Amino acid sequence: MTQKNQSTLHPELVLGDVLPSYNDNHNSNHLYVSLSELVMERVFYHPSIGSHFETLSDIEKTSLNAILGDKSVDEHFVSTLVIAIQAAVQPHHKTVRIALSDADSYSFRSLLGGNCETEEINPALGIRGVGRYATQEYSKAFALECQVIKTLREQGINVEIVAPYVRALSDAAKIIDLLAEQGLPRGLNGLKVLFSCDVPSAVILSERLLHYFDGTVVNIDSLASFTLGVDKQNEAQQHAFDPQNEAVITLLDMIVKATLHVKKPVLLVTQGLVDYPRLQGYIADLEGVDTVVTA
């Protein structure tokens, strides 16, 4: 976010810090990390590439070896993400909330070795988030993501986990079990697990989902897309994408009230907030919301 854009934001908004960051940091007490975006920006290859090395072309193998150097895929993947997050953590960050990968198959296919992804007719509604971690194909990559979190926590960084695309109660139970299997049981040494509200079903089920989690992260852009049935990335539909729509605001009200009612934190994540003054005013009037993370 440029300084010019910052001046047009509502003065009472409390903005958070985000990684990867394309804007100025805001000296927030919290840092929000998107593993998917970090993989795209710093790793460059598909997290499961180690299991599909023999299917790579000679050019892909050469490219991968140049990226890895003398490290294995596992070592490089974990160390690259750990170093990036370590460098972003500042003394004023009391909490680092790391969102497990939420990219769809289309985005993963753009990475080196991405041909291991099955092509989906509608990737946005396909295998992503918790549904992805539970597959045999992505289990190794999920373990690597968990290793990043374990390494950071072993270094004394207060990491909380954000589980994206929790679409049903079964997803909630599944991700808690999967994390425990990886040595990250909720509650152990104070470990907190939040769920990301990306789809309307997560809002509708929020009161029950909050029994499984320690708070909520509301991805406003994703929630708006699925609520309105609009693909923000489709230029022909961009005019119809409106996170200020009454339906979206109604769902925001529901999830915020449900989370605060049980005295758990709620965090809002959005992009391009500067373009939506009515949404800014709505958020600024909310009480009890941790922070607004903008990218």
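Residues numbered from 1 in each chain as written. Predicted model: local features only at pLDDT ≥ 70, side-chain atom pairs only at ≥ 80, totals over all residues. Heavy atoms only, no water.

In the annotation of an unreviewed UniProt entry, the protein chain is listed under the name Phosphoenolpyruvate synthase and assigned to Vibrio toranzoniae. Database annotation for the protein chain, UniProt heading Sequence similarities (unreviewed entry): "Belongs to the PEP-utilizing enzyme family." (UniProt positions renumbered as here; feature names shortened; annotations may be inferred.)

The next subject is the overall build of the protein chain. Of the regular secondary structure elements, the protein chain holds 13 helices and eight strands. The globule rule puts the C-alpha radius of gyration for 295 residues at 19 Å, and the 19 Å found for the protein chain is close to it. Within the protein chain, the proportion of its 295 residues that are buried is 52%. Within the protein chain, contacts between residues separated by at least 24 positions form 69% of all contacts whose residues are at least 6 apart in sequence. Surface exposure of the protein chain reaches about 13,700 Å², of which carbon and sulfur atoms provide 50%. A distance of 5 Å separates the average location of the 22 positive side-chain charges in the protein chain from that of its 36 negative side-chain charges. (Helix = DSSP H or I, 4+ residues; strand = E, 2+ residues; numbered from the N terminus. Rg over C-alpha atoms; globule rule 2.2 N^0.38 Å. Buried < 20%, exposed > 50% of the residue type's maximum accessible area, 1.4 Å probe, protein only. Contact = heavy atoms within 4.5 Å. Areas by Shrake-Rupley, 256 points an atom, 1.4 Å probe, with all protein chains shown as cover. Lys, Arg positive; Asp, Glu negative; His and termini not counted. Charge placed at Lys NZ, Arg CZ, Asp CG, Glu CD.)

What follows covers the layout of surface pockets. Estimated volume of the largest pocket: approximately 1,100 Å³. In terms of lining residues, the largest pocket is bounded by 39 residues, among which Asp102, Arg128, Tyr165, Ser222 and Gln233 are the most central. Looking at the lining of the largest pocket, the elements that each hand over two or more residues are strand 1 (17-19), strand 2 (30-34), helix 2 (35-43), helix 5 (105-109), helix 11 (220-228) and strand 7 (266-270). Here the element with the most residues in the lining of the largest pocket is helix 11; it accounts for four residues. (1 Å grid on protein atoms, 1.4 Å probe; cavity = no way out; pocket = protein on both sides within 12 Å on 5 of 7 lines; lining within 4 Å. Points joined across faces, edges and corners; volume = space filled by probe spheres on them.)

Counting residues in hydrophobic clusters, the biggest one holds 87 residues, and the most contacted among them are Ile85, Ile175 and Leu268. It is helix 4 (residues 73-88) that contributes the most residues to this core, eight residues altogether. Counting residues in hydrophobic clusters, the runner-up holds nine residues, among them Val162, Leu194, Val217 and Leu267. (Core = buried A, V, L, I, M, F, W, Y, C linked by side-chain atoms within 4.5 Å.)

For the rest of this paragraph, the subject is the state of the cysteines. Counted under the stated rule, the structure contains zero disulfides. No disulfide involves cysteine 116; its sulfur sits 18 Å from the nearest other cysteine sulfur, which is in cysteine 146. (Disulfide = S-S within 2.5 Å.)

Along the polypeptide, aspartate 242 turns up in the loop between helix 11 and helix 12 (246-261). Exposure remark for aspartate 242: the relative accessible area of 21% places this residue in the partly exposed category. Along the backbone, aspartate 242 and alanine 224 are 18 residues apart, and their C-alpha atoms lie at a distance of 6.9 Å. Among residues more than four places away in sequence, those in contact with aspartate 242 are Leu228, Val248, Tyr276 and Arg278. Reaching out from aspartate 242, the side chain makes a polar contact with the backbone nitrogen of glutamine 244 at a distance of 3.0 Å. (Polar contact = N/O pair within 3.5 Å; in protein donor to acceptor, adjacent residues only side chain to side chain.)

All right, on to the packing of helix 2 against helix 4 then. Helix-helix packing: each pair is described by the crossing angle between the helix axes and the interaxial distance. Between helix 2 and helix 4, the shortest axis-to-axis distance is 10 Å and the interhelical angle comes to 105°. Taken together, helix 2 and helix 4 sit at an angle that is classed as roughly perpendicular. Here Leu35, Leu38, Val39, Arg42 and Val43 of helix 2 come into contact with helix 4, specifically with Phe77, Thr80, Leu81, Ala84 and Ile85. Looking at the contact of helix 2 with helix 4 residue by residue, the class counts come to eight nonpolar, one polar and one charged. (Axes fitted to C-alpha atoms, helices over the stretch in contact; angles between N-to-C directions. Parallel < 35°, antiparallel > 145°, perpendicular 65-115°, else oblique. Nonpolar A, V, L, I, M, F, W, Y, C, P; charged D, E, K, R; others polar.)

By convention here, two paired aromatic rings are described through the distance between centres and the angle between planes. Under the defined criterion, the tally for this structure stands at four aromatic pairs. Note on tyrosine 165 and phenylalanine 226: the rings are 6.2 Å apart at their centroids and 80° apart in plane angle, and the pair reads as edge-to-face. On the criterion of sequence distance, the pair formed by tyrosine 165 in the loop between strand 4 (159-163) and helix 8 (169-181) and phenylalanine 226 in helix 11 is long-range, its members being 61 residues apart. Classification of tyrosine 165 as buried rests on a relative accessible area of 4%. The ring of tyrosine 138 has arginine 132 sitting right over it, with the charged end atom 5.2 Å from the ring centre. (Phe/Tyr/Trp six-rings, centres within 6.5 Å; stacked < 30°, edge-to-face > 60°. Lys NZ or Arg CZ within 6 Å of the ring centre and 35° of its normal.)

With that settled, consider the sheet that holds strand 2. Pairing is parallel in the open sheet, where eight strands are placed in the order 1-2-3-4-5-6-7-8. Two strands in the sheet have a free side with no partner beyond their single neighbour: strand 1 and strand 8 (292-294). Averaged over all neighbouring strand pairs, the angle between strand axes comes to 25°, with direction disregarded. Across three bridges, strand 4 lies against strand 5 (residues 193-197) in parallel orientation. For valine 162, the partnering residue across the bridge sits in strand 5 and is leucine 194. On the sheet, helix 11 packs against strand 5, strand 6 (216-219) and strand 7 and is oriented at approximately 60° with respect to strand 6. (Pairing = 2+ DSSP bridges.)

In this structure the tally under the stated criterion is eight salt bridges. With a shortest N-O distance of 3.0 Å, glutamate 160 and arginine 97 are connected by a salt bridge. On the criterion of sequence distance, the pair formed by glutamate 160 in strand 4 and arginine 97 in strand 3 (residues 95-99) is long-range, its members being 63 residues apart. Between glutamate 117 and arginine 132 there is a salt bridge; the shortest N-O distance is 2.6 Å. One end of the pair, glutamate 117, is in the loop between helix 5 and helix 6 (130-133); the other, arginine 132, is in helix 6, with 15 residues separating them in the sequence. Classification of arginine 132 as buried rests on a relative accessible area of 4%. (Salt bridge = Lys/Arg side-chain N within 4 Å of Asp/Glu carboxyl O.)

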